[in-house]
Amino acid sequence: MTTLYLIRHCEAMGNAKRLFQGWTDCDISETGKTQLRFLAERFEGIQLDYVYASPLIRAYKTAKSVADPKGLSVETIEGLKELNAGIFDGKPFADCFGNNPDLAEIWDNHPQDFHPEGGESMRHAYERGNKAVEQMITAHKGQVIAAATHGGMIRCLMCELLYHDITRLKDTPWSENTAVSKIEFDEQLRPTVVFYNDASHVPEEFLPKRNRLSSFIGRKPE
């Protein structure tokens, strides 16, 4: 059995400011630092053999929070980066979608077809992310791996694991900051999702609620 723990990064400044972070390398927030303490506690009793991360700092610091206490290093892998948002990268969500109603409709209802100008198509991100997972589990058969990555990327990965169909991306829930998903692979590397988007280690007051629909992005939580 090969086990993979997928971890969404902790809250970054781009999350707090409601930015389309994409490849913008925002550092983590004070709330994010608190989330990482709870994440590290969660992993105290979990054996890990190897830890991967997206090279973006918010994911790398998340990976280090579980790797450092175990004396493990973190290997970065480009395939785990978030969607390259092109002209949207680092911009407020409200501005991105408010000025692009056609793309807002695609984001909400046909996310597999999302492709911002100057950036990456969702289909390409989906493909590279799933290739990265295949690479990791093939290299570590019979071991336990953790990988810290991003909300959009985890959505792509879980869509493939659950449905094997990118057109089901809309049906695939987002993960909260530092939420953990556990997947087990048999000898033929066939996956079983044990649990998905479990953030029970973080007290509710440290998990800001944010709607991901374009019509709500940018608003403060009610």
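Relevant structure appears above.
Structural notes, computed from the coordinates. All of these numbers come straight from a predicted model, not from anything done at the bench.

## Focus on the overall build of the chain
For step 1, the next point in the chain: A count of helices and strands for the chain gives seven helices and eight strands.
For step 2, the next point in the chain: The C-alpha radius of gyration of the chain comes to 16 Å, within 12% of the 17 Å expected for a compact globule of 222 residues.
For step 3, the next point in the chain: Each principal axis of the C-alpha distribution contributes one length, and for the chain these read about 50 × 35 × 25 Å.
For step 4, the next point in the chain: Looking at the chain as a whole, 52% of its 222 residues are labelled buried.

## Focus on the nonpolar core
For step 1, the next point in the chain: Counting 37 residues, the largest nonpolar core has Phe20, Phe88, Phe97, Trp107 and Phe114 as its most contacted members.
For step 2, the next point in the chain: Breaking this core down by element, the ones donating at least two residues are strand S1 (2-8), helix H4 (93-98), helix H5 (101-109), helix H6 (122-139), strand S6 (144-149), helix H7 (151-163) and strand S7 (180-185).
For step 3, the next point in the chain: Those residues in contact with Phe114 that lie beyond four places of it in its chain are Phe20, Leu83, Phe88, Phe97, Leu103, Ile106, Trp107, Glu120, Ser121 and Met122.
For step 4, the next point in the chain: Residues Cys10, Leu36, Ala63 and Ala148 belong to the second largest nonpolar core, which totals 19 residues.

## Some remarks on the environment of Thr192
For step 1, the next point in the chain: With respect to the helices and strands, Thr192 occurs in strand S8 (residues 191-198).
For step 2, the next point in the chain: Sequence-wise, Thr192 and Thr24 are 168 residues apart; in three dimensions their C-alpha atoms are separated by 33 Å.
For step 3, the next point in the chain: Apart from residues no more than four positions distant in its own chain, Thr192 is found in contact with Lys182, Ile183 and Glu184.

## Quick word on the sheet that holds S6
For step 1, the next point in the chain: Spatial ordering of the open sheet is given by S4-S3-S6-S1-S7-S8, a layout of six strands whose pairing is mixed. With one partner strand each, in any of the chains shown, strand S4 (74-76) and S8 form the two edges of the open sheet. Here the strands of the sheet are splayed against their neighbours by 20° on average, with no regard to which way each runs.
For step 2, the next point in the chain: Relative to S6, strand S3 (residues 50-53) is paired through four bridges, and the arrangement is parallel. In the strand pairing of S6, Tyr52 is matched with Ala147.

## Section: the packing of aromatic side chains
Two aromatic rings, taken as a pair, are described by how far apart their centres are and by the angle between their planes.
For step 1, the next point in the chain: For the structure on display, the rule yields 16 aromatic pairs.
For step 2, the next point in the chain: Plain terms: the ring middles of Phe20 and Phe88 are 6.1 Å apart, the flat faces sit at 45° to each other, and that makes the pair tilted. Residue Phe20 is located in strand S2 (residues 19-20), and its partner Phe88 is located in the loop between S4 and strand S5 (91-92); the two are separated by 68 residues in the primary sequence.
For step 3, the next point in the chain: We classify Phe20 as buried; its relative accessible area is 5%.
For step 4, the next point in the chain: Ring centres of Phe20 and Phe97 lie 6.4 Å apart, and the angle between their planes is 40°; this geometry places the pair in the tilted category. In this pair, Phe20 sits in strand S2 while Phe97 sits in helix H4, placing the two residues 77 residues apart along the sequence. Phe97 matches Phe20 in its accessibility class, with the two residues each being buried.
For step 5, the next point in the chain: Lying over the aromatic face of Tyr163, Arg168 brings its terminal NZ or CZ to 3.9 Å of the ring centre.

## Examining the side chain of Ser181
For step 1, the next point in the chain: Within the element layout of this structure, Ser181 appears in strand S7.
For step 2, the next point in the chain: Within the structure, the side chain of Ser181 is placed 3.0 Å from the backbone nitrogen of Asn197, a separation counted as a polar contact.
For step 3, the next point in the chain: Those residues in contact with Ser181, other than ones at most four positions away along the chain, are Leu4, Tyr5, Leu6, Met158, Phe195, Tyr196 and Asn197.

How each quantity is defined
Residues numbered from 1 in each chain as written. Predicted model: local features only at pLDDT ≥ 70, side-chain atom pairs only at ≥ 80, totals over all residues. Heavy atoms only, no water. Helix = DSSP H or I, 4+ residues; strand = E, 2+ residues; numbered from the N terminus. Rg over C-alpha atoms; globule rule 2.2 N^0.38 Å. Buried < 20%, exposed > 50% of the residue type's maximum accessible area, 1.4 Å probe, protein only. Core = buried A, V, L, I, M, F, W, Y, C linked by side-chain atoms within 4.5 Å. Contact = heavy atoms within 4.5 Å. Pairing = 2+ DSSP bridges. Axes fitted to C-alpha atoms, helices over the stretch in contact; angles between N-to-C directions. Phe/Tyr/Trp six-rings, centres within 6.5 Å; stacked < 30°, edge-to-face > 60°. Lys NZ or Arg CZ within 6 Å of the ring centre and 35° of its normal. Polar contact = N/O pair within 3.5 Å; in protein donor to acceptor, adjacent residues only side chain to side chain.

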